[in-house]
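If you want the building blocks of each chain, they are given just below.
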Amino acid sequence: MGRYILRRAVQAVGTLLLVMLLLHLLTTVAIQLNGNPAQAFFGDKVATAAQIAAVEERFGLDDPCYDQVGNPCLGPFVERLGQYAQGDFGTNLRGREVSDIVATAAPNTLRLFCVVLVTWLALGMLLGSLAARRRGSAGDHGIRLTSVLIDAFPVFVLLIVYRYVVAVPLHGWAERTFGEDSWPPYWFKPSFDADHPWATVLVPGILLGLAGSAAFIRLVRASQLESYQGDHVRTARSKGLGERHVVVHHVVRNSSVPVVTAVGLTFAEALGGAVITEGLMNIYGMGGVLWEAVRNDDVGLVLGVVTLLAAVTVVVMILVDIAYALLDPRIRYE
Amino acid sequence: MRQSRIATFAAGAAVVAVTVAGCSPSDTDDDAGPVTLETWISQDMETLFPGDAGSYDPISVLDVVYDGLVRYDPETTEPYNYVAESIEPNDDNTVWTITIKPDLTFQNGEPVDAEAFARSWNYTADGDNGLYSNYFFSIIEGYDEMQPETDDDGNITTPGAADELSGVEVTDDLTLEVTLSSPFAGFATMLGYTGFFPIAQECLDDVETCSKQPIGNGPFQVTEWQQSQELTAEKWADYPLEETPGYDAIHWTEYATGETAGWADFKAGDLDLSFPPTAEVESAKNDPDLSQRYVEAPGAALTYLGFSFYTDGPWQDIEFRKAISMAIDREGIISSLGSGQATPADSWVVPGGVPGGEAGTCEWCTYDPEAAKAALEKAGGWPEGEKLQISLGDDEAEVEYFTAIGNSIEEVLGIPYELNVDPDYFTTRAEHGYDGVFRNNWFPDYPLNENYLSFYAAGSEQDSQFGWYSKEFEDKLDEAAAAPSLDESVALYQEAEAILAEEFPTIPFRWSFSATYYSERLTNVVLNPFSGAPILRAVEVAA
């Protein structure tokens with residue numbers, strides 16, 4: 001197992017470098033085509049050459065390669081890698097430390113993901129298991145229909161309706177019913193509150209999780225149905241094991257491998273949903289930071305954030321692989 | 001063993017659930033707590049260093065954190081001495097003697113004296129520091145020696161030779177003598193701008209920290225800034241001057257998507273000031289309760305059309321420019337786009353917003369299809385088969401406005417147009433890269449009609465961003481700058497605007513517009529006629 005993880009880690013570093021180079025090239029081309037961001041610092045004011053040169057120098061844009069379309073600007077890239085190696089993630093285009101931005105934004109996104117994950121698993125496992133257990137019943141049909149409906153409902157519609165139609169009256173009601181000094185008003189606050197991050201991220205997280213849960217419900221149902229018909233379940237039952245034991249140990253556990261795979265795969269995809277949720281609910285998170293950074297051709301910030309995200313994704317993938325081994329005794333990585 | 005793993009997983013999920021539910025919000029204000037004004041800024045505010053704060057948000061925050069030598073009258077926008085005891089020019093407005101009120105200090109106890117202003121101005125004027133407000137100091141003697149030299153590719157070859165403005169002299173603890181490089185009657189008006197605020201030595205010693213945790217001399221002290229999320233400022237107990245409001249603290253929530261993002265929070269009672277998103281503007285207007293808590297004011301930013309005088313084309317003829325201007329249905333375009341959040345412009349200086357600003361100075365800024373057609377005919381028409389280029393940056397809302405302008409011109413004059421949306425707009429414009437009409441926007445820096453006019457005076461056609469030069473206009477500006485009093489100066493600048501109106505090099509299109517709704521707790525909400533921001537020092541907040 002140790003050697004396996006090491007091998008995966010080495011592969012991961014290679015992947016990371018490739019991702020960074022690719023991003024560096026893309027953002028560099030964007031700067032070369034869209035014009036130097038130093039000009040944007042002055043907005044509508046017409047700045048002198050000296051003023052622009054000073055701002056370029058201040059924000060690290062003074063390498064002439066940024067003015068030459070097609071130049072890959074490998075010099076600044078190598079320099080940046082050297083800084084990364086020393087733990088210095090540089091600054092964004094306005095001189096703010098990338099590590100400071102990430103340290104503020106990442107916890108918020110992680111909170112969101114935590115709630116999303118719990119929602120996925122809770123809804124998926126619960127409804128999927130129920131549907132599988134009572135296959136063909138009215139409940140099964142109801143759950144399947146619900147999952148289709150959830151899928152058909154875009155997450156941003158859900159969030160906009162919640163924020164503008166539901167949250168305001170609910171927030172007022174909670175304040176009147178439970179008092180201002182209680183948790184419920186915070187749960188239904190229409191925007192994120194940095195002083196109460198968990199409470200204000202709860203409902204948006206559940207909604208985002210709900211939107212992604214349909215696939216999980218169907219996946220759990222399908223894979224559990226397969227297990228119910230498996231030989232090992234028939235054997236367990238014929239041994240006289242209790243139904244509860246059979247379900248928990250032989251059905252749910254065996255059908256978890258595809259679910260874990262799906263969690264890993266959807267993790268990266270969830271960032272897309274996070275951009276929308278963060279934007280609408282005013283959560284300062286990684287999705288929104290990345291969105292703005294790309295819009296502003298902020299090479300340093302894009303690279304810093306994506307490097308971190310790529311690293312996290314790689315780690316999640318390794319964790320998923322490890323989880324396979326834990327869940328399915330037949331899988332070994334030696 | 002296997003069982004316990006599943007149990008651990010379940011326990012992990014439970015921990016999250018419990019953390020989410022928690023027990024009770026810890027720091028909720030009780031009734032006896034401080035009275036806090038809840039307002040908003042945009043998430044992209046990067047600095048609170050006075051010399052580097054160039055946009056709406058940091059300027060409005062710094063307005064309560066710092067005090068300038070002068071402040072502006074909320075009604076007339078005229079300057080009056082605040083930190084300054086007196087500001088006196090010599091006979092030709094070139095040497096200004098500034099006396100500072102005694103016994104003023106920064107929030108860290110350092111004195112606010114002549115040195116505090118000199119160190120701030122020198123630091124910002126030093127071109128090597130690359131600060132936003134650097135260009136303000138070009139009017140003071142010695143500025144040029146502080147700027148770096150660049151080669152033809154725009155790279156710095158040598159840093160600025162001097163570190164201090166030779167024109168700024170500290171004559172005693174409380175007196176500054178400022179020598180300008182050319183006469184300017186409006187110098188005192190400039191001194192209320194953010195870039196001219198004083199800074200403490202402790203701030204200069206660690207500019208990075210100070211740009212996040214400013215050490216001000218104003219009525220509020222920044223206590224916590226969780227950058228991109230929220231900013232809190234509390235009242236400074238030892239504030240010695242009189243302009244300080246009755247409430248205790250200001251809390252700014254930072255929004256990613258502009259001012260309308262907080263509307264839901266405003267409706268939920270969590271924000272005291274907000275403006276609805278476009279879709280809700282009408283329903284807010286029609287709400288009998290909300291409409292009682294609404295203020296609006298015309299803004300001071302002018303969006304206007306320039307012509308490429310540096311290329312050959314029909315626009316060299318004033319009749320053609322008149323035709324274009326009279327073919328634009330300003331009223332119709334503005335009311336159909338952006339739910340009327342702008343005012344049609346018919347002058348170059350904002351009417352009522354700054355001294356000397358009057359409406360209607362532009363004779364040809366009214367929609368008049370017949371007169372437009374006649375003017376085009378007089379100009380010799382539009383060349384067959386050509387398209388009029390209309391260039392602008394890649395801002396979505398502006399593209400909508402300028403598409404409407406193009407359509408209006410095409411409909412009235414039959415001139416086909418092509419919209420040139422250029423992501424590198426600022427650079428292209430600076431390099432005289434356009435051919436035809438292009439968008440311009442001017443947000444003034446300080447409330448004086450001069451500020452809307454003097455940037456046209458580049459001294460020659462090559463140096464002007466439009467390729468336009470008028471000796472008569474520039475002579476009038478010089479005359480106004482040297483006038484013996486500000487009032488006379490303002491009147492002479494009005495004459496300069498009249499010359500601009502006569503020669504008609506640019507076409508005013510629209511003024512910005514500011515408005516806000518406020519919560520039931522607030523009274524005396526007044527918008528600054530110049531910046532459009534609510535004057536936080538004037539607001540009263542009920543507990």
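Parameters and conventions
Residues numbered from 1 in each chain as written. Chains lettered and ligands numbered in written order. Predicted model: local features only at pLDDT ≥ 70, side-chain atom pairs only at ≥ 80, totals over all residues. Helix = DSSP H or I, 4+ residues; strand = E, 2+ residues; numbered from the N terminus. Rg over C-alpha atoms; globule rule 2.2 N^0.38 Å. Contact = placed C-beta atoms within 7 Å. Axes fitted to C-alpha atoms, helices over the stretch in contact; angles between N-to-C directions. Parallel < 35°, antiparallel > 145°, perpendicular 65-115°, else oblique. Nonpolar A, V, L, I, M, F, W, Y, C, P; charged D, E, K, R; others polar. Buried ≥ 20, exposed ≤ 12 C-beta atoms within 10 Å, placed from the backbone. Pairing = 2+ DSSP bridges. Expected span 1.5 Å × (residues − 1). Bend = angle between axes of the 7 residues up to and from the residue. Domains from an automatic or database assignment. UniProt positions renumbered as here; feature names shortened; annotations may be inferred. Core = buried A, V, L, I, M, F, W, Y, C linked by C-beta atoms within 7 Å.

Concerning the overall build of chain B
Thought 1: For chain B, the count of helices and strands is 15 helices and 21 strands.
Thought 2: Its C-alpha atoms give chain B a radius of gyration of 26 Å, near enough to 24 Å, the size a compact globule of 543 residues would have.
Thought 3: Taking the principal axes of the C-alpha coordinates as reference, chain B spans close to 85 × 65 × 55 Å.
Thought 4: When contacts within chain B are restricted to residue pairs at least 6 apart in sequence, long-range pairs at least 24 apart make up 67% of them.

Concerning the packing of helix α5 (residues 98–133) of chain A against helix α13 (residues 286–295) of chain A
Residues and elements named next belong to chain A.
Thought 1: It is at 8 Å that the axes of α5 and α13 come closest, and there the two elements cross at 130°. The orientation of α5 with respect to α13, classified from their angle, is oblique. For the pair α5 and α13, the contacting residues are Ile101, Ala105, Ala106 and Thr109 in the first and Met286, Gly287 and Val289 in the second.
Thought 2: Residue composition of the contact of α5 with α13, grouped by class: five nonpolar, two polar and no charged.

A few points about the interface of chain A and chain B
Size of an interface: often given as the accessible area lost when the parts come together.
Thought 1: In this complex, chain A contributes 50 residues to the contact, which on the side of chain B involves 50 residues.
Thought 2: Among the elements of the structure, α2 (37–40), α3 (49–58), α5, α7 (155–178) and α9 (197–228) of chain A are those that each provide at least two residues to the side of chain A that touches chain B.
Thought 3: Element by element, the count of residues in the side of chain A that touches chain B is highest for α3(A), at nine residues.
Thought 4: Grouping the constituent residues of the side of chain A that touches chain B by class yields 26 nonpolar, 13 polar and eleven charged.

Details of the pairing of strand β19 (residues 506–518) of chain B
Residues and elements named next belong to chain B.
Thought 1: Along β19, ten of the 13 residues are buried, which leaves the element largely enclosed by surrounding structure.
Thought 2: Examined bridge by bridge, strand β13 (residues 273–274) and β19 share two bridges and lie antiparallel to one another. Bridging from a neighbouring strand, Ser274 pairs with Tyr517 of β19.
Thought 3: By the bridge criterion, two bridges tie strand β15 (residues 343–344) to β19 in an arrangement that is antiparallel. Counterpart to Pro344 in the pairing with β19 is Arg510.

Comments concerning α7(A)
Residues and elements named next belong to chain A.
Thought 1: For α7, which comprises 24 residues, the first-to-last C-alpha distance of 29 Å sits more than 12% below the rise-based estimate of 34 Å (1.5 Å per residue).
Thought 2: The largest bend along α7 reaches roughly 50° and is located at Val166, with the proline Pro169 sitting one to four residues downstream.
Thought 3: Those residues of α7 lying buried are Leu159, Tyr162, Arg163, Ala167, Val168 and His171.
Thought 4: Gly179 sits one or two positions beyond α7 and adopts a positive phi of about 90°.

Considerations on the environment of B:Leu492
Residue and element names in this part refer to chain B.
Thought 1: Looking at the element boundaries, Leu492 is found in helix α15 (residues 486–503).
Thought 2: A count of 21 C-beta atoms within 10 Å places Leu492 in the buried class.
Thought 3: Along the sequence, Leu492 and Ala482 sit ten residues apart, while their C-alpha atoms lie 10.0 Å from each other.
Thought 4: Leu492 has contacts with Lys476, Glu479, Ala480 and Ala483, leaving out every residue within four places of it along the chain.

What to know about the domain arrangement of chain B
Residues and elements named next belong to chain B.
Thought 1: Partitioning chain B into domains gives domain 1 (25–248 + 537–541) and domain 2 (298–513).
Thought 2: Here domain 1 and domain 2 have C-alpha centroids that lie 32 Å from each other.
Thought 3: Contacts between the two partners involve 15 residues from domain 1 and, on the opposite side, 14 residues from domain 2.
Thought 4: Among the residues forming the side of domain 1 that touches domain 2, the class breakdown is six nonpolar, seven polar and two charged.

A few points about helix α4 (residues 74–85) of chain A
Thought 1: Taking 1.5 Å per residue as the helical rise, α4(A) with its twelve residues ought to reach 16 Å, and the 16 Å between its terminal C-alpha atoms agrees with that figure.
Thought 2: Just downstream of α4(A), A:Gly87 is the residue with a positive phi angle, here 80°.

What to know about the sheet that holds strand β12 (residues 249–255) of chain B
Residue and element names in this part refer to chain B.
Thought 1: Taken in spatial order, the four strands of this open sheet run β1-β12-β11-β10, and their pairing is mixed. Two strands lie at the open edges of the sheet, namely β1 (36–42) and β10 (220–226), each paired on one side alone. Across the sheet, the mean angle separating the axes of adjacent strands is 20° when strand polarity is ignored.
Thought 2: The pairing of β1 with β12 spans seven bridges and is parallel.

With respect to the UniProt feature "transmembrane region" (unreviewed entry) in chain A
All names here are of chain A.
Thought 1: UniProt marks residues 12–33, 110–131, 143–165, 198–220, 259–281 and 301–327 with the feature "transmembrane region" (unreviewed entry), using the numbering shown here.
Thought 2: A helix fraction of 100% and a strand fraction of 0% characterise residues 12–33, whose end C-alpha atoms lie 32 Å from each other.
Thought 3: Helix makes up 91% of residues 143–165 and strand 0%, and the two end C-alpha atoms of the span are 26 Å apart.

Quick word on the sheet that holds strand β5 (residues 95–100) of chain B
Residues and elements named next belong to chain B.
Thought 1: A sheet is described by the order of its strands in space; here four strands give the open sequence β4-β5-β9-β8, paired in antiparallel fashion. What marks the edges here is a single partner per strand, and that holds for β4 (84–89) and β8 (168–172). With direction set aside, neighbouring strand axes in the sheet form an average angle of 20°.
Thought 2: Sitting on the sheet, helix α3 (residues 114–125) touches β5, β8 and β9 (175–179), and the angle it makes with β8 is about 170°.

Some remarks on the environment of A:Thr109
Thought 1: Structurally, the position occupied by A:Thr109 is in helix α5.
Thought 2: Ignoring sequence-local partners within four residues, the contact set of A:Thr109 consists of A:Ala274, A:Gly285, A:Met286 and A:Gly287.

Examining the nonpolar core
Thought 1: Counting residues in hydrophobic clusters, the biggest one holds 208 residues, and the most contacted among them are A:Val305, B:Ala323, B:Ala327 and B:Ile409.
Thought 2: With 15 residues, the top contributor of residues to this core is α5(A).
Thought 3: Not counting residues within four places of it along the chain, the set of residues in contact with B:Ala323 comprises B:Ala372, B:Ala375, B:Leu376, B:Ala379 and B:Leu413.

Some thoughts on the pairing of β10(B)
All names here are of chain B.
Thought 1: Here β10 runs beside strand β11 (residues 230–235); their pairing, made up of six bridges, is antiparallel. What sits directly across from Gln221, in β11, is Glu234.
Thought 2: A loop of three residues connects β10 with β11, the two strands running antiparallel in sequence, and Ser228 in this loop sits at a positive phi of about 75°.

Quick notes on the environment of A:His245
Residue and element names in this part refer to chain A.
Thought 1: Structurally, His245 is set in helix α11 (residues 243–252).
Thought 2: We classify His245 as exposed; it has 12 C-beta atoms within 10 Å.
Thought 3: Along the chain, His245 and Met1 lie 244 residues apart, while their C-alpha atoms are 30 Å from each other.

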